[in-house]
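Given next are the chains, with one letter for each unit.
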Amino acid sequence: MDLEEQRVWSENLKALNEMMLNPQEHAQAVQSFLSLHAWLHSSSVGNLSELTLHDAVIKKLDEQTFRKYPVNLSDTKNSIAWHLWHSARLEDMAMSILVADDQQALYSGNWFEKMNTRFTHSGNEMSEEEIAELSSSINFESLLAYKTVVGKQTRQIISMLKPGQFVDKVEQSRIKRLFDENAVTQKASSLADYWSKRNIAWLVLMPATEHIFIHLKKCIHIKEELN
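In this text, all values refer to a predicted model and were calculated from it rather than measured experimentally.

1. Things to note about the packing of aromatic side chains
Enumeration according to the criterion identifies four aromatic pairs in this entry. Considering the side-chain rings of F66 and F140, the 4.4 Å spacing of their centres and the 40° angle between planes classify their relative orientation as tilted. Placement of the pair is F66 in helix α4 (residues 63-67) and F140 in helix α9 (residues 140-159), with a sequence separation of 74 residues. Like F140, F66 is buried. Relative to Y146, the ring of W111 lies with its centre 6.5 Å away and its plane at 50°, an arrangement referred to as tilted. Note that W111 is positioned in helix α7 (residues 111-114) and Y146 in helix α9, a separation of 35 residues in sequence. Classification of W111 as buried rests on a relative accessible area of 12%. The buried category is assigned to Y146, whose relative accessible area is 0%. The ring of W111 carries the charged tip of K114 above its face, separated from the ring centre by 4.3 Å. Lying across the ring of W202, R198 places its NZ or CZ 5.6 Å from the centre.

2. Quick look at the pattern of salt bridges
What the rule picks out here adds up to 12 salt bridges. Between R177 and D101 there is a salt bridge, and its shortest N-O distance comes to 2.9 Å. Note that R177 is positioned in helix α10 (residues 172-180) and D101 in the loop between α5 (80-99) and α6 (105-108), a separation of 76 residues in sequence. By relative accessible area, which is 18% here, R177 ends up buried. Owing to a relative accessible area of 38%, D101 belongs among the partly exposed residues under this scheme.

3. Looking at the side chain of T154
Mapped onto the elements, T154 comes out in helix α9. Ignoring any residue separated from it by four or fewer positions in sequence, one finds T154 in contact with F33, H37, E91, M95 and A208.

4. Description of the layout of surface pockets
Looking at the largest pocket, its volume works out to about 210 Å³. Taken together, 14 residues make up the lining of the largest pocket; nearest its centre are V99, A100, L161, Q165 and R174. Across the lining of the largest pocket, the residue classes break down as eight nonpolar, one polar and five charged.

About the criteria used
- Residues numbered from 1 in each chain as written.
- Predicted model: local features only at pLDDT ≥ 70, side-chain atom pairs only at ≥ 80, totals over all residues.
- Heavy atoms only, no water.
- Phe/Tyr/Trp six-rings, centres within 6.5 Å; stacked < 30°, edge-to-face > 60°.
- Helix = DSSP H or I, 4+ residues; strand = E, 2+ residues; numbered from the N terminus.
- Buried < 20%, exposed > 50% of the residue type's maximum accessible area, 1.4 Å probe, protein only.
- Lys NZ or Arg CZ within 6 Å of the ring centre and 35° of its normal.
- Salt bridge = Lys/Arg side-chain N within 4 Å of Asp/Glu carboxyl O.
- Contact = heavy atoms within 4.5 Å.
- 1 Å grid on protein atoms, 1.4 Å probe; cavity = no way out; pocket = protein on both sides within 12 Å on 5 of 7 lines; lining within 4 Å.
- Points joined across faces, edges and corners; volume = space filled by probe spheres on them.
- Nonpolar A, V, L, I, M, F, W, Y, C, P; charged D, E, K, R; others polar.

Laid out in structure tokens, this is it:
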């Protein structure tokens, strides 16, 4: 995914926002989302023949570069491990809890244990010591597999939405689940409060697309600087 493709991707994301506000364009909005979302995961998630932005991060990524923390760049000091984990966790909880009111992928596939990390939350407001711990201990292959499962789950959830549901507000009972399941910590309660004022369309535009895009670009920056 070169710079021109990234520019076009961003423009198409803006167009998606308009589509989701019009129930008559629901089917087109779903297809547009699926196309945009496919570039943020392994090419296998969207059945693409081309390399995705995710693939560009993972290609020839060694463990030392994956785990390096801190990196002290202009836009981040967190590790690639943290960025991939954090973006996957936010997508999982936003889609499975706030949109679908279903079980998180984290638990449906025993990924919490497979990834070898004690952290179940979003990663917001983590201490430097906690980021260092996660970066050094998380299982590389299991994290990538978890991210793939989350991506596939998201596509199923969005494909099942009915016309008009994009503008539905997030239900407060689902915000409560974020805390009940330790998906969001009390220290990061402002995140849940912010989400509680949003609709499904916003969750599609941020946790499931733009948020991942931002973190993948940071991963590429880290990789380029360290290699």
